[in-house]
Amino acid sequence: MCGIVGYIGEKSPKEVLYSGLSKLEYRGYDSAGISILGKEQEIQTYKSVGKLANLREVLKGVEVSGHIGIGHTRWATHGVPSTKNSHPHNSKSNKLSLVHNGIIENYAELREELVNKGYEFLSDTDTEVIVHLLDANFTGNLVESVFKILPILEGAYAIGVISSDEPDLLVAARKGSPLVIGLGENEKYIASDVPAILEYTNRVIFLEDGDVASLKQDEIKIWDLEKNEKSTEETEIEWDLEAAEKGGYEYFTLKEIHEQPRVIAETLKGKIKGNSAIIEEMTLTKEELENITKIHMVACGTSYHAALVGKAIIEQELRIPVEVEVASEFRYKNPIINKTDLVILISQSGETADTLAGLREAKKSGAKAIGIINVMGSTISREADGTIYTNAGLEIGVASTKAFIAQLIALYILTLYLGEKKNILDDKRRNYIVENLKKLPNMVEKVLDIEEDIKLKTRVLDSARSSMFIGRNMNTAIAYEGALKLKEISYIHAEGYQSGELKHGPIAMISEECPLIAIATKSDTYEKVKSNIEEVRARSGKILALATLGDEEISKISDEVIYLPEIDELFSPVINVVPLQFIAYYAAINRGLDVDKPRNLAKSVTVE
Ligand code: AGP
């Protein structure tokens, strides 16, 4: 959702900014731009539409010297992707240059006021109002001027701004959109997230909402919005740079699918002892845990699907009612949350604006809210009452794969934890759960081994214009997730349904051009799913089924079958999602698409 980066120091800003943007491109790739300022120079700005490679072309052969700069990769909200709408945006005098991530909600009124004052707008963006507003309020002191305008801005922002009046200063501020500061020897960085600067430093400061930072090569100051200077809390990041490289795979998405056995093992590591779950980050007291009678889960997209699987697991194992809500709905529906309820926010990035708003909404009710989060130090993880980290490592592919599997594992761990603390699961059941969890890395490995077979069977989608995914009970949400993955990266329309619902309408869609992908692995409802497949077969639909190894029956009623290792239905979502990830991946490859950067999307959705 737009990526911003900034640098002040002795290195070439052009190189640092470009390299940072290349790591942030997954956040948006509609256009990109940089502004650079030298000690005795004017601000120089370069922009291009489309992916970052186009900016490289623009910069080729251009001598851009300087020691301070800002860069931006855009995911369009206001104004189409075009050069004029690309960031950075500069003041008319070219004294100020600014990059922004977020949405300024009152931009229309601000724009009108500025136009009345004689300001001319060159773009259709909400961002341009910030730079003109800054110009209109400029006192000659950049920090002071930024403080003057921030209270006027409604909505969300992370900004980086430079001024030719103060060429030794980079100013940053955030409210609602993430921003991190990187610390090097006699140099500073800003970035929307850590990977952008990891090549240069792993020492960072996560800015809080309302923070304003002034960065010089050898000095850093941070204030809150009331201008109280804050002490800086440095964090050392453990992720290595290798995580941000493709490691021989054609796409990050494929690399990340292949990392899943390790991710499962990593997420389990240190969290299982004997038949108990250890969640050190859980800050709820014994009494609070005992009092929980209802759980709410709030998330978006793939994380929402993980929440649906979590509901199925917890309700089956613990008989505690779980309500799952899409985060963008949750905050506006005046949710009924009792003080004794537990609210769980699930998010890979920990920055999704809707999920963050859900957390804040939940906290108003006085209930405890915990996060299941992948990115350490992210806003949700900092604001929640506790966080279970998923340890999937850096996920770069816009389509979430390994983070989803890690979320599922965290939900099993949480089930085990609550089951023990609330005396719901006896020793025998906990032993059983732990045994199965430990088997999962190896079983997922077995699915990775049949990648070539899955790739071949993906051909069933070659002439598809649309597709249906079905699953039941534990696997309903896996059908939704399979459909979302396919839509996201192959642009083949796909719908996920509960198997039994197909006959109530969606079956009308089945045709040569709309194949069925059925999750028909062994389960309590296996026979029912088989009947649902038969219903489609009777209407000459093409069928690709996921079935359990050794199941001969399914091959008689399906065109293609992908055979998967046998596991208890409770854990089957972890196995079944993997072939669906491969199907989406190869469907996209077969259509010649850029898997890591699907059109219209961004990795981290930090606007509402
Ligand atoms: C997943 O493939 C998507 N790109 C998207 O649905 C994502 O899961 C959603 O935006 C939520 O993101 P989060 O987990 O970072 O909160």
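Below you will find a few notes about this structure. (Residues numbered from 1 in each chain as written. Predicted model: local features only at pLDDT ≥ 70, side-chain atom pairs only at ≥ 80, totals over all residues. Heavy atoms only, no water.)

1. So, helix 13 (residues 402-421)
1) Next: Here helix 13 contains 20 residues, and its C-alpha end-to-end distance of 29 Å stays within 8% of the 28 Å for a straight helix at 1.5 Å per residue.
2) Next: In the segment just after helix 13, asparagine 423 is the residue with positive phi, at about 55°. (Helix = DSSP H or I, 4+ residues; strand = E, 2+ residues; numbered from the N terminus. Expected span 1.5 Å × (residues − 1).)

2. Points about a negative patch on the surface
1) Next: On the surface, Glu105, Glu109, Glu112, Glu113 and Glu154 cluster together to form a negatively charged patch.
2) Next: With respect to the helices and strands, glutamate 113 occurs in helix 3 (residues 107-116). (Patch = residues over 30% accessible without salt bridge, like charges linked within 9 Å, V, L, I, M, F, W, Y side chains within 5 Å. Areas by Shrake-Rupley, 256 points an atom, 1.4 Å probe, with all protein chains shown as cover. Salt bridge = Lys/Arg side-chain N within 4 Å of Asp/Glu carboxyl O. Lys, Arg positive; Asp, Glu negative; His and termini not counted. Charge placed at Lys NZ, Arg CZ, Asp CG, Glu CD.)

3. Regarding empty space enclosed by the protein
1) Next: Counted according to the given criterion, the structure contains four cavities of 30 Å³ or more.
2) Next: Volume-wise, the largest cavity comes out at about 240 Å³.
3) Next: Along the wall of the largest cavity there are 24 residues; nearest its centre are Ser192, Asp193, Ser349, Glu351 and Val375.
4) Next: Of the residues contributing to the lining of the largest cavity, the split by class is eleven nonpolar, six polar and seven charged.
5) Next: Both domains that furnish three or more residues to the lining of the largest cavity are identified here as domain 1 (3-243) and domain 2 (246-447). (1 Å grid on protein atoms, 1.4 Å probe; cavity = no way out; pocket = protein on both sides within 12 Å on 5 of 7 lines; lining within 4 Å. Points joined across faces, edges and corners; volume = space filled by probe spheres on them. Nonpolar A, V, L, I, M, F, W, Y, C, P; charged D, E, K, R; others polar. Domains from an automatic or database assignment.)

4. Some remarks on the site of the ligand
1) Next: The environment of the ligand is made up of 14 residues, and the closest members are Ser303, Ser347, Gln348, Ser349 and Thr352.
2) Next: Serine 400 has a polar backbone atom sitting 2.8 Å from an oxygen atom of the ligand.
3) Next: Of all the secondary structure elements, the ones that give two or more residues to the shell around the ligand are helix 9 (301-318) and helix 16 (476-490).
4) Next: Per-element accounting of the shell around the ligand gives the leading share, three residues, to helix 9.
5) Next: Residues that form the shell around the ligand fall into these classes: four nonpolar, eight polar and two charged. (Near = heavy atom within 4 Å. Polar contact = N/O pair within 3.5 Å; in protein donor to acceptor, adjacent residues only side chain to side chain.)

5. Overview of the pairing of strand 21 (residues 368-373)
1) Next: Across the six residues of strand 21, five count as buried, placing the element largely inside the fold.
2) Next: As paired strands, strand 20 (residues 342-347) and strand 21 are joined by six bridges and run parallel to one another. Among the inter-strand pairings, leucine 342 is bridged to a residue of strand 21, identified as lysine 368.
3) Next: Between the parallel pair strand 20 and strand 21, the chain is carried across by helix 11 (residues 353-364), and the sense of this crossover is right-handed.
4) Next: Sheet topology note: the strand 21/strand 22 (residues 386-389) ladder contains four bridges and is parallel. (Buried < 20%, exposed > 50% of the residue type's maximum accessible area, 1.4 Å probe, protein only. Pairing = 2+ DSSP bridges. Right-handed = clockwise from strand over helix to strand, strands pointing away.)

6. Quick notes on the packing of helix 4 (residues 127-136) against helix 5 (residues 142-149)
1) Next: Direction vectors running N to C along helix 4 and helix 5 enclose 120°, while the axes themselves pass 9 Å from each other. When you trace helix 4 past helix 5, the crossing you get is right-handed. Packed against helix 4, whose contacting residues are Ile130, Leu133 and Leu134, the element helix 5 presents Leu142, Ser145, Val146 and Ile149 at the interface.
2) Next: Here the residues of the contact of helix 4 with helix 5 sort into six nonpolar, one polar and no charged. (Axes fitted to C-alpha atoms, helices over the stretch in contact; angles between N-to-C directions. Left-handed = near helix turned anticlockwise from the far one by under 90°. Contact = heavy atoms within 4.5 Å.)

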